[in-house]
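Coordinates in review
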Amino acid sequence: MGHELAGEVIALGEGADRSWAGRTVAVNPVISCRTCRFCLSGARNLCRRKGLIGIARPGGFAEMVAVPAANLIGLPDGTDPRLGAFVEPMANGVHAARLAIDGNDSAGAAGIAGVTAAVIGAGAIGLCCAQALRLSGAGPVDVVEPDERRRGVAARSGVTRTHRSPDSLRDALGIGDQPRLDEDSGADVVIDAVGTAQTRQLAVDAVRPHGRVVLIGMHEDESPLAFRPVVRDEVTLVGSYAYTDQDFSQAARWVAAGDAGPGELEPVHPLTQGPALLALIASGTAGPVRAFLGRA
Ligand SMILES: [Zn+2]
C-alpha cells in the first residue's frame, strides 16, 4: 500500500533539521498526535488519532513523498533502498517478538536463551517475527509453513527447524492430541502470523502452560477458539499491532548491520508496473511473494 518505503531526502520543509539533506532514510509511516497518553508513553501505534503514510496519506508508490522529519530513520550512506523498505515489516516482527518475550517467566535463570518459540506462517511478517526472535536470543525457533519456497527462505534466515504441517510442529514440540499433558511439551511463546481459526487454535495448542501467544495475523476477524484450555493453563493471549519507535529503530539497526534482511533482493520495477504487480500478487500463488517499486 506504499507504507513500506525508503529513499533519499531531496528537499526540506521549513524548520526541518538541515542535516537530513541528502541522507538515505527509512520512513516510519505511523503519524500520530504525539500528545495523548499512548503517544507520550511511547506507544504511538495505539494513538486514537493515528494514520499511516501510504494509507491515510499519500505513500511510497510515487517518486516523491512528503513525510514529517520526526518519522525519518537515518540509514548508513549507500544502503540499498530495498533494505530500507524492509525496516517497516521487520519492525512488526521486532514488536511481536518483544511482546512474546517480555514478561515471559521462562526467561528465568537461563535468560532469553532459555525461551523456546514457534512461529505459525512464514510469509513476510512471519519471517520477520522469526528473525526477531532469533536476534533477541530466543531458541530454538520452530516455523510451520505449507509453502516450500517460503520454508526455504525461513531455513536460510536462521530458523532452527521448519515444518511443512501442523502435525510436524506438534511432534517437534511433544504435543499429542491433548496439548500440555506432558509438562515438557509446548513452546514458551508462539506467534500466529496468519490469523485463521486453524492457526489461532494451533497457537494455543502449541504453547506450554503459562505461556504467551502473540496474535499478529489478521486474516479472519472472528474465529472459534477452545477457551477452557486457555483458562485452565493460564495461557496469555496478546495482540500485536505495528510497532513503537523503539522497535522501528531496533529493526533499522539490525537491517543496517546485515543481521536481519529480506533475503535475495528482487529487481526494482518501475512505478507504472505497480497495478499489474499488485493484481498478480492478489491473485494468489502464481505471483511473487513481494515486489519492489521505484525509480528503476
Ligand atoms: Zn496520540
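Residues numbered from 1 in each chain as written. Predicted model: local features only at pLDDT ≥ 70, side-chain atom pairs only at ≥ 80, totals over all residues. Heavy atoms only, no water.

1. A few points about the packing of aromatic side chains
Under the definition given, this model contains one aromatic pair. Over the face of the ring belonging to Phe38 we find Arg48, whose NZ or CZ atom lies 5.8 Å from the ring centre. (Phe/Tyr/Trp six-rings, centres within 6.5 Å; stacked < 30°, edge-to-face > 60°. Lys NZ or Arg CZ within 6 Å of the ring centre and 35° of its normal.)

2. Digging into the sheet that holds strand β5 (residues 72-74)
With respect to topology, three strands assemble into an open sheet ordered β1-β2-β5, the strand pairing being antiparallel. This sheet does not close on itself; its edge strands, each paired only once, are β1 (6-8) and β5. Taking the axes of each pair of neighbouring strands and ignoring which way they run, one obtains an average angle of 40° across the sheet. Of the pairings in the sheet, the one linking β1 to strand β2 (residues 24-27) comprises three bridges and is antiparallel in character. Directly across from Gly7, in β2, lies its bridge partner Val25. (Pairing = 2+ DSSP bridges. Helix = DSSP H or I, 4+ residues; strand = E, 2+ residues; numbered from the N terminus. Axes fitted to C-alpha atoms, helices over the stretch in contact; angles between N-to-C directions.)

3. Some remarks on a nonpolar patch on the surface
Where nonpolar side chains cluster on the molecular surface, the patch consists of Phe227, Val231 and Leu237 and spans about 280 Å² of accessible area. Here Leu237 shows up in strand β11 (residues 236-239). Of the residues examined, Leu237 reaches a relative accessible area of 31% and is grouped as partly exposed. (Patch = residues over 30% accessible without salt bridge, like charges linked within 9 Å, V, L, I, M, F, W, Y side chains within 5 Å. Areas by Shrake-Rupley, 256 points an atom, 1.4 Å probe, with all protein chains shown as cover. Salt bridge = Lys/Arg side-chain N within 4 Å of Asp/Glu carboxyl O. Buried < 20%, exposed > 50% of the residue type's maximum accessible area, 1.4 Å probe, protein only.)

4. Describing the layout of surface pockets
Within this model, the second largest pocket holds a volume of roughly 160 Å³. Around the second largest pocket, the lining is made up of 13 residues, and of these Val94, Arg98, Asp102, Ser136 and Trp254 lie nearest the centre. The set of elements that each furnish at least two residues to the lining of the second largest pocket consists of α2 (81-101) and α8 (245-256). When its residues are assigned to classes, the lining of the second largest pocket shows six nonpolar, three polar and four charged. (1 Å grid on protein atoms, 1.4 Å probe; cavity = no way out; pocket = protein on both sides within 12 Å on 5 of 7 lines; lining within 4 Å. Points joined across faces, edges and corners; volume = space filled by probe spheres on them. Nonpolar A, V, L, I, M, F, W, Y, C, P; charged D, E, K, R; others polar.)

5. Remarks on the environment of Leu72
Looking at where Leu72 falls in the secondary structure, it is placed in strand β5. Leu72 gets classed as buried once you look at its relative accessible area, which sits at 12%. Placed 52 residues apart in sequence, Leu72 and Ala124 show a C-alpha to C-alpha distance of 23 Å.

6. Looking at the coordination of the zinc ion
Note on the zinc ion: its protein donors are Cys33 (SG), Cys36 (SG), Cys39 (SG) and Cys47 (SG). The metal-donor distances range over 2.3 to 2.4 Å. Bound by four donor atoms, the zinc ion shows angles of 106 to 117° at the metal and therefore tetrahedral coordination geometry. Spacing between the donor residues of the zinc ion along their common chain follows C-x2-C-x2-C-x7-C. (Donors = N, O, S within 2.8 Å, 3.2 Å for Na, K, Ca; no water. Tetrahedral: all angles 85-135°; square planar, octahedral: opposite > 155°, others 65-115°.)

7. Here's the deal with the sheet that holds strand β7 (residues 141-144)
Spatial ordering of the open sheet is given by β8-β7-β6-β9-β10-β11, a layout of six strands whose pairing is parallel. Two strands bound the open sheet, and with one partner strand each, they are β8 (161-163) and β11. On average, each strand axis in the sheet is inclined to that of its neighbour by 20°, with strand direction left out of account. Alignment of strand β6 (residues 117-120) against strand β9 (residues 187-192), held across four bridges, turns out to be parallel. Considered in β9, the bridge of Val119 is made with Ile191. Sitting on the sheet, helix α3 (residues 124-135) touches β6, β7 and β9, and the angle it makes with β6 is about 170°. Along the sheet face, helix α6 (residues 197-206) touches β6, β7, β9, β10 (207-215) and β11 and points at about 150° away from the line of β10. (Contact = heavy atoms within 4.5 Å.)

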